[in-house]
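Each chain, letter by letter, is given below.
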Amino acid sequence: MLQYVSRHALAALVALSLGCGGATFNGTRDEAFLTAVEARSGEDWEDAAVGALVYLGTATEDDDRYDRAQMLLAEALRELGFRYGAALYYWDVAQARRNAELADEALLGLQALTTTGHVDDDLLLRSFVASADIEGAQAELADFVFYERGIDNLRRGEMVWATEALAAIDDESPYHARAEMALAAVDLDDGKLNAAKARLESLLGEESETPVPDDTAFEARLALARIALDQERYRSAIRAYEALQDDASDRPSLLLEMAWAHYYQGNYRRSLGLLVALDAPVYSGLIAPERYLLEAYNLRRLCQFDPARTAAARLRSRHADVLQDLREGVPPVDSEWLRQAALQRDTVLPMARLVRATRAEVERLEDLTERAESSGERLQEAYVAGLRRLERRLPHVVDAEARTIARELISASDGVRLILHELSVQLLRGRSRPSGPAPADAIDEVPEGRVAYAFGGEFWTDELDEFEVVIEDRCLQ
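No experiment lies behind these values; they were computed from the predicted model shown. (Residues numbered from 1 in each chain as written. Predicted model: local features only at pLDDT ≥ 70, side-chain atom pairs only at ≥ 80, totals over all residues. Heavy atoms only, no water.)

**Considerations on the overall build of the protein**
Right, on to step 1. For the protein, the count of helices and strands is 21 helices and zero strands.
Right, on to step 2. Within the span of the protein, comprising 477 residues, buried residues form 47% of the whole.
Right, on to step 3. A fraction of 64% describes how many contacts in the protein between residues 6 or more apart in sequence connect residues 24 or more apart.
Right, on to step 4. Split by element, the accessible area of the protein, about 25,100 Å² in all, is 49% carbon and sulfur. (Helix = DSSP H or I, 4+ residues; strand = E, 2+ residues; numbered from the N terminus. Buried < 20%, exposed > 50% of the residue type's maximum accessible area, 1.4 Å probe, protein only. Contact = heavy atoms within 4.5 Å. Areas by Shrake-Rupley, 256 points an atom, 1.4 Å probe, with all protein chains shown as cover.)

**With respect to the nonpolar core**
Right, on to step 1. Counting residues in hydrophobic clusters, the biggest one holds 126 residues, and the most contacted among them are L73, L77, Y89, Y90, Y241 and L338.
Right, on to step 2. Among the elements that line this core, the one with the most residues is helix α21 (residues 377–429), at 15 residues.
Right, on to step 3. When sequence neighbours within four positions are dropped, the list of residues in contact with Y89 reads L53, L56, Q70, L73, A74, L77 and L379.
Right, on to step 4. Core analysis: the next-biggest nonpolar cluster, separate from the first, contains twelve residues, A196, A217, A220 and L224 among them. (Core = buried A, V, L, I, M, F, W, Y, C linked by side-chain atoms within 4.5 Å.)

**Remarks on the packing of aromatic side chains**
In this description, a pair of aromatic rings is defined by centroid distance and the angle of the planes.
Right, on to step 1. Scanning the entire structure with this criterion turns up eleven aromatic pairs.
Right, on to step 2. A ring pair is formed by F144 and Y175, whose centres lie 5.8 Å apart and whose planes are at 45 degrees; its orientation type is tilted. Remark: Y175 occurs in helix α10 (residues 174–189) and F144 occurs in helix α8 (residues 139–156); sequence separation between them is 31 residues. For the pair formed by F144 and Y175, the shared burial category is buried.
Right, on to step 3. Site record: aromatic cluster; members linked through ring pairs are Y234, W260, Y263, Y264, Y268 and Y297.
Right, on to step 4. Its guanidinium or amino end placed over the ring of Y175, R178 lies 5.1 Å from that ring's centre, counting from NZ or CZ.
Right, on to step 5. Across the ring face of F82, the terminal group of R364 is positioned such that the distance to the ring centre comes to 4.3 Å. (Phe/Tyr/Trp six-rings, centres within 6.5 Å; stacked < 30°, edge-to-face > 60°. Lys NZ or Arg CZ within 6 Å of the ring centre and 35° of its normal.)

**Focus on the pattern of salt bridges**
Right, on to step 1. As enumerated under the stated definition, the model contains 26 salt bridges in all.
Right, on to step 2. R65 is the salt-bridge partner of D30, the closest N and O atoms lying 2.6 Å from each other. One end of the pair, D30, is in helix α2 (residues 29–41); the other, R65, is in the loop between α3 (45–58) and α4 (66–80), and 35 residues separate them in sequence.
Right, on to step 3. Classification of D30 by relative accessible area gives partly exposed; the value is 40%.
Right, on to step 4. According to the relative accessible area criterion, R65 is partly exposed, its value standing at 26%.
Right, on to step 5. Linked through salt bridges whose partners overlap, the residues forming this network are R29, D30, D63 and R65. (Salt bridge = Lys/Arg side-chain N within 4 Å of Asp/Glu carboxyl O.)

**Looking at the packing of helix α20 (residues 349–369) against α21**
Right, on to step 1. With their axes 10 Å apart at the nearest point, α20 and α21 run at an angle of 160 degrees to one another. By the angle between their axes, α20 is roughly antiparallel relative to α21. In this structure, α20 crosses over α21, and the sense of that crossing is left-handed. For the pair α20 and α21, contact is made by M351, A352, L354, V355, T358, R359, E361, V362, L365, E366 and T369 and by L379, Q380, Y383, L387, L390, E391, R393 and L394, respectively.
Right, on to step 2. Class assignment of the residues belonging to the contact of α20 with α21 gives a composition of eleven nonpolar, three polar and five charged. (Axes fitted to C-alpha atoms, helices over the stretch in contact; angles between N-to-C directions. Parallel < 35°, antiparallel > 145°, perpendicular 65-115°, else oblique. Left-handed = near helix turned anticlockwise from the far one by under 90°. Nonpolar A, V, L, I, M, F, W, Y, C, P; charged D, E, K, R; others polar.)

**Considerations on the side chain of E180**
Right, on to step 1. Inspection of the secondary structure puts E180 in helix α10.
Right, on to step 2. For E180, the residues in contact, after removing those within four places along its chain, are R199 and L203.

**Digging into the state of the cysteines**
Right, on to step 1. Counted according to the given criterion, the structure contains one disulfide.
Right, on to step 2. Note that C303 is cross-linked by a disulfide to C475, the S-S spacing being 2.0 Å. Measuring handedness by torsion sign, the sulfur bridge of C303 and C475 sits at about 100 degrees and is right-handed. With a gap of 172 residues between them, C303 in the loop between α16 (290–301) and α17 (305–318) and C475 in the segment after α21 connect regions that are remote in the sequence.
Right, on to step 3. Look at C475 and you get buried, because its relative accessible area is 7%. (Disulfide = S-S within 2.5 Å.)

**Side note on helix α11 (residues 193–204)**
Right, on to step 1. Over its twelve residues, α11 extends 16 Å from the first C-alpha to the last, a length consistent with the 16 Å expected when each residue adds 1.5 Å.
Right, on to step 2. Every buried residue of α11 is listed here: A196, L200 and L203. Buried positions in α11, seen along its axis, are confined to an arc of 55 degrees and lie on one side of it.
Right, on to step 3. Packed against the buried residues of α11 are α10 and α12 (214–230). (Expected span 1.5 Å × (residues − 1). Arc of directions from axis to C-beta.)

**Notes on the environment of T163**
Right, on to step 1. One can find T163 in helix α9 (residues 159–167).
Right, on to step 2. For T163, a relative accessible area of 37% gives the class partly exposed.
Right, on to step 3. Sequence spacing of T163 and I151 is twelve residues, and the spatial spacing of their C-alpha atoms is 9.4 Å.
Right, on to step 4. In terms of polar contacts, T163 uses its side chain to reach the backbone carbonyl oxygen of M159, at 2.8 Å. (Polar contact = N/O pair within 3.5 Å; in protein donor to acceptor, adjacent residues only side chain to side chain.)

**Here's the deal with α3**
Right, on to step 1. An ideal rise of 1.5 Å per residue puts 20 Å on 14 residues; α3 measures up with 21 Å between its terminal C-alpha atoms.
Right, on to step 2. Counting buried positions along α3 yields eleven of 14 residues, so the element is predominantly enclosed.
Right, on to step 3. Every buried residue of α3 is listed here: W45, D47, A48, A49, V50, G51, A52, L53, V54, Y55 and L56.

**What to know about the environment of V93**
Right, on to step 1. For V93, the position within the fold is in helix α5 (residues 83–96).
Right, on to step 2. The buried category is assigned to V93, whose relative accessible area is 1%.
Right, on to step 3. Spatially, the C-alpha atoms of V93 and D67 are 6.1 Å apart, while their sequence positions differ by 26 residues.
Right, on to step 4. Discounting chain neighbours no more than four positions away, the residues touching V93 are D67, Q70, M71, L102, A103 and A106.

**Some points on the confidence of the model for the protein**
Right, on to step 1. Mean pLDDT for the protein: 82, with 84% of residues reaching 70 or above.
Right, on to step 2. Note that pLDDT drops below 50 for residues 1–21; the model gives that stretch 22 contacts with residues more than four away or on any other chain. (pLDDT = per-residue confidence, 0-100.)

Here's what the structure looks like:
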């Protein structure tokens with residue numbers, strides 16, 4: 001005779017099988033699934049994960065609850081901070097598409113994880129999402145897939161297919177702005193500055209009805225600043241960079257770009273001030289050999305020949321060992337310094353962060369999976385395999401960037417040789433004004449309402465972008 005058991009009583013009975021305080025599960029597969037469902041409703045994500053793992057350990061793909069258990073496990077792992085594992089289970093449900101409704105939910109889960117940096121783009125996104133069947137999918141998912149498909153085709157050089165996919169994105173979708181940004185990047189790579197400028201201005205213009213995501217808006221404004229710099233519209237470039245400063249305190253490369261804009265405008269003391277700011281400890285991660293050359297260029301324009309020599313020589317003194325190795329033919333990939341420098345570049349950071357995050361998740365995983373006993377081994381194996389795959393790919397990305405930095409170092413070193421020769425020639429000619437814009441007026445007195453302090457090597461992080469070097473112009477007019 002069947003007896004009625006309340007929902008909460010059933011949860012209590014199943015919880016006894018699951019155990020408390022980290023005990024292992026010893027119930028049946030059906031009890032494991034019920035435990036996972038009940039634990040999820042109570043937001044007990046660890047029990048939910050363990051219950052789902054136990055169920056999946058013996059269930060087959062033909063089981064009606066298989067995909068639902070994978071979705072439940074993915075959600076629990078995401079809430080517990082195991083985002084890479086969550087992405088694996090979302091991906092499996094989405095690509096198998098055994099249940100169309102759950103497949104769309106899984107794709108939404110993958111979409112949400114793309115913003116965290118914990119998704120292996122090449123494996124989980126562009127190997128599947130770029131070719132996903134989106135017929136009947138909701139609009140938000142369709143735009144997501146069209147965007148990933150377009151980006152995948154752009155990277156393959158298939159411009160016709162890429163343009164077709166990106167053009168299919170709804171104008172009111174947040175992916176529309178990202179698509180326009182991607183197409184503008186293609187224009188920039190092709191040297192079509194005016195076309196890129198027009199596309200970006202339209203994207204940010206008041207006539208645009210679709211809100212542009214903050215990160216995309218920042219990248220668009222930054223691209224416009226760089227276009228202005230390339231087109232020698234230095235005042236416009238400076239205004240554009242200054243408008244970005246409050247949102248880019250962690251991007252010292254912008255200070256360097258601003259310094260170049262001020263240099264070309266003739267604001268040598270302001271340019272030097274920005275370069276002084278780059279010496280702050282908070283910006284120690286910036287790897288930019290050209291920084292020393294620009295300092296020397298600024299000082300040369302003020303006929304400060306000895307300081308200019310010192311600035312140029314700093315490049316060689318700071319990187320003497322690396323430059324010597326490169327001159328002797330040592331491959332960049334064999335330089336520990338170049339590899340560490342590459343790890344700090346924007347092109348490498350996302351992959352490096354993904355590897356570190358996945359490694360940290362692997363270290364935390366054992367406490368969770370041991371409660372599911374043998375059922376947790378599948379997840380552990382998937383994590384280890386994923387980590388190994390990422391660790392194999394990371395060196396290739398690092399090596400490519402290390403070669404780029406090596407070329408920058410050698411180019412900057414050659415520039416040092418050239419400027420030292422030019423300084424020697426200028427010394428013979430006297431202190432005549434070098435070619436280039438006349439320097440802007442120096443600060444003779446502190447403007448009313450402001451206070452000036454002598455610089456003693458300290459750095460106030462809220463004022464790093466406001467430095468201006470007070471230095472004499474020794475050129476003869």
